[in-house]
Amino acid sequence: EEFSESYHIDKVFHILMSICVALFLSVYFQRPVPLVLAVLAIGISYELYQTWHDIVFVGSYDLRRLLIDSLGDIFADFAGAIFFVWWIWPHIK
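Attention in this report is confined to the structure presented alongside it. (Residues numbered from 1 in each chain as written. Predicted model: local features only at pLDDT ≥ 70, side-chain atom pairs only at ≥ 80, totals over all residues. Heavy atoms only, no water.)

So, the layout of surface pockets
In this structure, the largest pocket spans a volume of roughly 190 Å³. Broken down by secondary-structure element, the contributors of at least two residues to the lining of the largest pocket are α2 (9-25) and α3 (32-58). Of all the elements, α2 adds the most residues to the lining of the largest pocket, at six residues. Counted by class, the lining of the largest pocket contains six nonpolar, three polar and two charged residues. (1 Å grid on protein atoms, 1.4 Å probe; cavity = no way out; pocket = protein on both sides within 12 Å on 5 of 7 lines; lining within 4 Å. Points joined across faces, edges and corners; volume = space filled by probe spheres on them. Helix = DSSP H or I, 4+ residues; strand = E, 2+ residues; numbered from the N terminus. Nonpolar A, V, L, I, M, F, W, Y, C, P; charged D, E, K, R; others polar.)

Structure, rendered in structure tokens:
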């Protein structure tokens, strides 16, 4: 986990995963705003689960670090969804 956070590999994976999720969901959504909101809802749900898991099973109670990491991950999910809508979606429509 330290390696992942030190080189921001976690953020790169969040961006790539949100692009993949947006690609999958683009079949069901015809407009960009609901697509971005759906990707964000999935990302926020995952971050809530990850925070709960870290608190309950890992015993990590540093809520400030968890909050900063989660907000960064959600921003990376948003960036990936916006990139998909801006760059990829026009080429596949």
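Still more to cover.
Notes on the pattern of salt bridges
Inspection of the entire model under this criterion finds three salt bridges. For aspartate 10, the salt bridge is made with lysine 11, and the minimal N-O distance between the two is 3.6 Å. Using a relative accessible area of 18% as the deciding quantity, one classes aspartate 10 as buried. Lysine 11 gets classed as partly exposed once you look at its relative accessible area, which sits at 21%. In this structure, aspartate 73 and lysine 11 form a salt bridge, with 2.7 Å as the shortest nitrogen-oxygen distance. With a gap of 62 residues between them, aspartate 73 in helix α4 (residues 63-92) and lysine 11 in helix α2 connect regions that are remote in the sequence. The class of aspartate 73 is buried, set by a relative accessible area of 0%. Bridged by salt links that share partners, the residues Asp10, Lys11, Asp69 and Asp73 form one connected network. (Salt bridge = Lys/Arg side-chain N within 4 Å of Asp/Glu carboxyl O. Buried < 20%, exposed > 50% of the residue type's maximum accessible area, 1.4 Å probe, protein only.)

Remarks on the nonpolar core
Among the nonpolar cores identified, the biggest contains 13 residues, and Leu25, Leu35, Val39, Phe84 and Val85 are the most heavily contacted of them. Of all elements in the fold, only α2, α3 and α4 reach the threshold of two or more residues within this core. Looking at this core element by element, the count peaks at five residues for α3. (Core = buried A, V, L, I, M, F, W, Y, C linked by side-chain atoms within 4.5 Å.)

Considerations on the side chain of aspartate 73
Separated by 3.4 Å, the side chains of aspartate 73 and histidine 14 make a polar contact. Ignoring any residue separated from it by four or fewer positions in sequence, one finds aspartate 73 in contact with Asp10, Lys11, His14, Glu47 and Gln50. (Polar contact = N/O pair within 3.5 Å; in protein donor to acceptor, adjacent residues only side chain to side chain. Contact = heavy atoms within 4.5 Å.)

Re α3
End to end, α3 covers 37 Å across 27 residues, agreeing with the expected 39 Å (1.5 Å per residue, within 8%). Every buried residue belonging to α3 is among Leu35, Val36, Ala38, Val39, Leu40, Gly43, Glu47 and Asp54, and all of these are buried. The secondary structure elements touched by the buried residues of α3 are α2 and α4. In the segment just after α3, glycine 59 is the residue with positive phi, at about 85°. (Expected span 1.5 Å × (residues − 1).)

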